[in-house]
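# A look at the structure
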Amino acid sequence: MADLSLLQEDLPEDADGFGVDDCSSESDVIVVPSALDFVSQDDMLTPLGRLDKYAASENVFNRQMVARSLLDTLREVCDDERDCIAVLERISRLADDSEPTVRAELMEQVPHIALFCQENRPAIPYAFSKYLLPIVVRYLADQNNQVRKTSQAALLALLEQELIERFDVETKVCPVLVELTAPDSNDDVKTEAVAIMCKMAPMVGKDITERLILPRFCEMCCDCRMFHVRKVCAANFGDICSVVGQQATEEMLLPRFFQLCSDNVWGVRKACAECFMAVSCATCQEIRRTKLSALFINLISDPSRWVRQAAFQSLGPFISTFANPSSSGQYFKEENKSSEDTSVEDKNRTRDEEVPEDAQIRPEDVPADPTVSNSSVKLEGAPDPDIGAESPRKPPGDSSLPCPLSSEPHQEAASNEDDKKPGTCRSASRLEVGSSAQDPAPLDQELYNSFHFWRTPLPEIDLDVELEQGSGNKLGPEGLGGMPEATSPASANITMATRKELEEMIENLEPHIDDPDVKAQVDVLAAALRASSLDACDEVSEAARRAPQDELPGCRLDHGTSGPLTSEAVENMESALRYIHDDSDSGTSGGFSPDEERRAKVQDVVPQALLDQYLSMTDPSRAQTVDTEIAKHCAYSLPGVALTLGRQNWHCLRETYETLASDMQWKVRRTLAFSIHELAVILGDQLTAADLVPIFNGFLKDLDEVRIGVLKHLHDFLKLLHIDKRREYLYQLQEFLVTDNSRNWRFRAELAEQLILLLELYSPRDIYDYLRPIALNLCADKVSSVRWISYKLVGEMVRKLHRAAPPTFGVDLIRELVESFGRCPRWSGRQAFVFVCQTVIEDECLPMDQFAVHLMPHLLTLANDRVPNVRVLLAKTLRQTLLEKEYFLTSASCHQEAVEQTIMALQMDRDSDVKYFASIHPASTKISEDAMSTASSTY
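What comes next is a walk through the structure. (Residues numbered from 1 in each chain as written. Predicted model: local features only at pLDDT ≥ 70, side-chain atom pairs only at ≥ 80, totals over all residues. Heavy atoms only, no water.)

## Some words on the overall build of the protein chain
A tally of helices and strands in the protein chain yields 53 helices and zero strands. Across the protein chain, every contact between residues at least 6 apart in sequence was considered, and the portion connecting residues at least 24 apart equals 71%. Surface summary for the protein chain: the accessible area is close to 44600 Å², and the carbon and sulfur share equals 51%. (Helix = DSSP H or I, 4+ residues; strand = E, 2+ residues; numbered from the N terminus. Contact = heavy atoms within 4.5 Å. Areas by Shrake-Rupley, 256 points an atom, 1.4 Å probe, with all protein chains shown as cover.)

## Considering the packing of helix α35 (residues 630-645) against helix α37 (residues 666-683)
One can describe the packing of α35 onto α37 by two numbers: an axis separation of 9 Å at closest approach and a directional angle of 5 degrees. Regarding the angle of α35 to α37, the classification is roughly parallel. Contacts between α35 and α37 involve Ala631, Lys632, Ala635, Tyr636, Leu638, Pro639, Ala642 and Leu643 from the first element and Lys667, Val668, Thr671, Leu672, Ser675, Leu679 and Ile682 from the second. Residues that form the contact of α35 with α37 fall into these classes: 11 nonpolar, two polar and two charged. (Axes fitted to C-alpha atoms, helices over the stretch in contact; angles between N-to-C directions. Parallel < 35°, antiparallel > 145°, perpendicular 65-115°, else oblique. Nonpolar A, V, L, I, M, F, W, Y, C, P; charged D, E, K, R; others polar.)

## Topic: the nonpolar core
Core analysis: the largest hydrophobic core is formed by 164 residues, its most contacted members being Phe237, Tyr614 and Phe851. The contact partners of Phe851, leaving out residues within four places of it in the chain, are Cys837, Val840, Ile841, Leu846, Met856, Leu859 and Leu882. Counting residues in hydrophobic clusters, the runner-up holds 57 residues, among them Leu94, Met107, Ile113 and Ile196. (Core = buried A, V, L, I, M, F, W, Y, C linked by side-chain atoms within 4.5 Å. Buried < 20%, exposed > 50% of the residue type's maximum accessible area, 1.4 Å probe, protein only.)

## A short note on the side chain of Thr656
Here Thr656 shows up in helix α36 (residues 654-661). Using a relative accessible area of 3% as the deciding quantity, one classes Thr656 as buried. Excluding its chain neighbours within four sequence positions, the residues that come into contact with Thr656 are Leu615, Thr618, Cys634 and Leu638.

## Brief notes about the environment of Ile208
Within the fold, Ile208 resides in helix α12 (residues 206-221). Sequence-wise, Ile208 and Cys174 are 34 residues apart; in three dimensions their C-alpha atoms are separated by 8.8 Å. Ignoring any residue separated from it by four or fewer positions in sequence, one finds Ile208 in contact with Arg166, Val169, Glu170, Cys174 and Ile213.

## Re the environment of Ile300
Examined against the element boundaries, Ile300 turns out to sit in helix α18 (residues 285-300). When its relative accessible area of 2% is taken as the criterion, Ile300 is described as buried. Considered as a pair, Ile300 and Val626 are 326 residues apart in the sequence and their alpha carbons are 9.6 Å apart. When neighbours within four sequence positions are excluded, Ile300 is seen to be in contact with Arg308, Ala311, Phe312, Leu315 and Gln613.

## Overview of the pattern of salt bridges
Here the structure, examined in full by the defined rule, presents 33 salt bridges. Residue Arg669 is joined to Asp702 by a salt bridge in which the shortest nitrogen-to-oxygen separation is 2.7 Å. With a gap of 33 residues between them, Arg669 in helix α37 and Asp702 in the loop between α38 (685-700) and α39 (704-712) connect regions that are remote in the sequence. Taking the relative accessible area as the measure of exposure, Arg669 reaches 11% and is therefore buried. Linked by salt bridges that have partners in common, Arg166, Glu170, Asp207 and Arg211 make up one network. (Salt bridge = Lys/Arg side-chain N within 4 Å of Asp/Glu carboxyl O.)

## So, the state of the cysteines
Throughout the structure, instances matching the rule amount to zero disulfides. Unpaired in this structure, Cys84 has its nearest cysteine sulfur neighbour in Cys78, at a distance of 6.1 Å. Cysteine Cys222 remains unbridged, with the sulfur of Cys221 as its closest cysteine sulfur at 6.3 Å. (Disulfide = S-S within 2.5 Å.)

## Quick word on helix α8 (residues 127-139)
Here α8 contains 13 residues, and its C-alpha end-to-end distance of 18 Å stays within 8% of the 18 Å for a straight helix at 1.5 Å per residue. Of all the bends in α8, the largest measures some 35 degrees and sits at Leu133, one to four residues before the proline Pro134. Taking burial as the measure, the 13 residues of α8 include 10 buried ones, the bulk of the element. Turning to α8, its buried residues are Ala127, Phe128, Ser129, Tyr131, Leu132, Leu133, Ile135, Val136, Val137 and Tyr139. Each element contacted by the buried residues of α8 is listed here: α6 (81-94), α7 (100-119), α9 (145-160) and α10 (166-180). (Expected span 1.5 Å × (residues − 1). Bend = angle between axes of the 7 residues up to and from the residue.)

## Observations concerning the environment of Glu170
Tracing the backbone through its elements, the reader meets Glu170 in helix α10. Judged by relative accessible area, which is 23%, Glu170 ranks as partly exposed. In sequence terms Glu170 and Arg211 are 41 residues apart; their C-alpha atoms lie 9.6 Å from each other. Of note is the side chain of Glu170, whose polar atom sits 3.1 Å from the side chain of Arg211. (Polar contact = N/O pair within 3.5 Å; in protein donor to acceptor, adjacent residues only side chain to side chain.)

Geometry only, nothing functional implied.
Encoded structure:
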């Protein structure tokens, strides 16, 4: 339409006689110019002439057309440098157009023109920097919103394609953006400029960001007048942190991040919660543990539901940043990490590799009975044979510390230096056990630990025979004697001290009982108090009161050095009490309730408060107060949390995983089904067989939406199981053929794909007995896509069974193919037989001499089939596949002669399509290729 208006604009106004001939006299004919005459005149103009003509037009559409055709004009004059410069100068004049639509159209063409200038840089050097970049930068402050948006998009596109020189970024782009974010700038422009600065930071690099962008970004984070600016800063905080690195993040950005997390506007706090993981990745492990954890807990308990919802969605990813590289394989770039720490971690990893696999304490190696001693497991370099032994009757001060389902102690030394090394590898922790066991006289402050102090031995536990044999005669370095009765006074004294402190803690926490977390702690403390009251004997308690406190060699109660009990001590004490209850198989009269047992989570990888909040995501009340899909977010991030905690702390997540696996929402179960194979890799074969296999079996009987998650990774999961456990699923593979909706053909197609991978996991006998019937069933599926994959499955099955010794299963399978498909009364079955033979030939599943003996005679008999579709496919297979093999091209055997006779017979077939495919040579002409592709899709 723009062209029409262009032509109409230049037509003469007095067109009364347009197209009317005065026939009174042939000599007085009035010739009126037509529109075609003006078009021809435009064609006679030079590109610059046309550009000047329409750029000066008063019609807005003409000027838009000029802006849209600038790139074509440049290409026409690219051979002349002066003409190119002239076009660029006219672009500068067009940029001053008063119509916003013209300016927006011009800005949309700038990235394309800049790319053209870059490709023709020798002809027009510095063209972009001189003519185009000033326009882009100027439009960033344009009054029209559409022009600003297009200029921002153009600037980011130019930076992404690296079309702007670094010098121009520093001298022309960044100063303008900093000026646009000045306090007196327009509100909308300031917000957009901050967003552009944040988005361009990863493109311009660390140096420019730190020098030119970071100072103003920090100022914008504290913008008291515009919460929109603070919200943009919070949303892009993680990107800035990842660009500037650890040092700048900790020194300059973290204080601003703390301010944003406590902002008065909930939208700002929500944006902080969403980028929390990226910020955590840019800090050291100590700051993650000491500062960011407490900050994140505040966001989880935020008054705004939307902030809590975003925080819980980011909780799993944030926990994953605590992963120990030595055990999880995850590494975060910590630039300020000292070489000493690096060398220690490398040394620990090397020591882990030196320890034999059978000598390392793994969670699956721990006996199912927690009272059975592990004293037979010994670490390299640890001379004390009692390291790793677990005994609930050992005194708290014994240097052989009990460790729940792990070879490392829980906060083994309570010195401040040890507590400030969150990045220490697990191997180092295991080796430290041995070194502490060798120290005959540890310091008093090293002996005290909240975990050891609050660990109340259960006096009613009877030692098993295995326990007495494993650790009954082994003493600690303090020389406590060989009789277990010697520990009774100490245990009783600890019980009384524990009860007193428990009562004090309950009294201190009662004023804050409205807080759900505080209430949970009070419930646990009350249960522990009841248990200690019911289990303690009067005689033992009296003896404990008479025994001097100095007789406790390993658990001196020094209130002067311990200080008041903090929340961390409460968590450690709670975990210790719960660990005793969980690890003892002898029940007590004051046992813990099931709700309290769920809180027995002993680990030291991540702050316990974070883990507790993550485990609470399965609480039904969370779905009502936070997010109806909070359980789905928990399930989605569970493999990452499990990888962070390690398999030795799987007991912390086991109940949560079981709860999610039985969730009423199928989306939650579907999420777990899609990731169960990844979790199996993390846990190892033994924990997988014990905890994941039952859940896996439940998913197999679930809805199709859940089963598809299991099916897509069936091979990945089954290959991790022991061969005996793996064979149990052979009986259940047939169930995948039954779906809730028979139209769900993609389910059966995925089954065929997985069966191809499963062939390597099973023996020829199992393949023939269990997988063969499923494969033949899929070959007769109603959907062609399923059949195509099934043909490949049967071909791979023929290959595997033929290579087995003896190849009787392969011969039997071929015989069944001939009987079931080659001689099938339905033409679709006979066509399927031809497809299988075609697949066997193309993939070379059989040697050609074996194919000629077992399959080719039956294949050639189909040349007389009464259905043309079968004969067409046979002609294509023989001509395009079989005769391409070297065996049939060089050998002058009877097989080659039979093939040639069959092809000749097909060339004289009464059906024209059969004649066509039997006569032409493959890929001889373009027409033949089109015909073959059409036939392939049809038949």
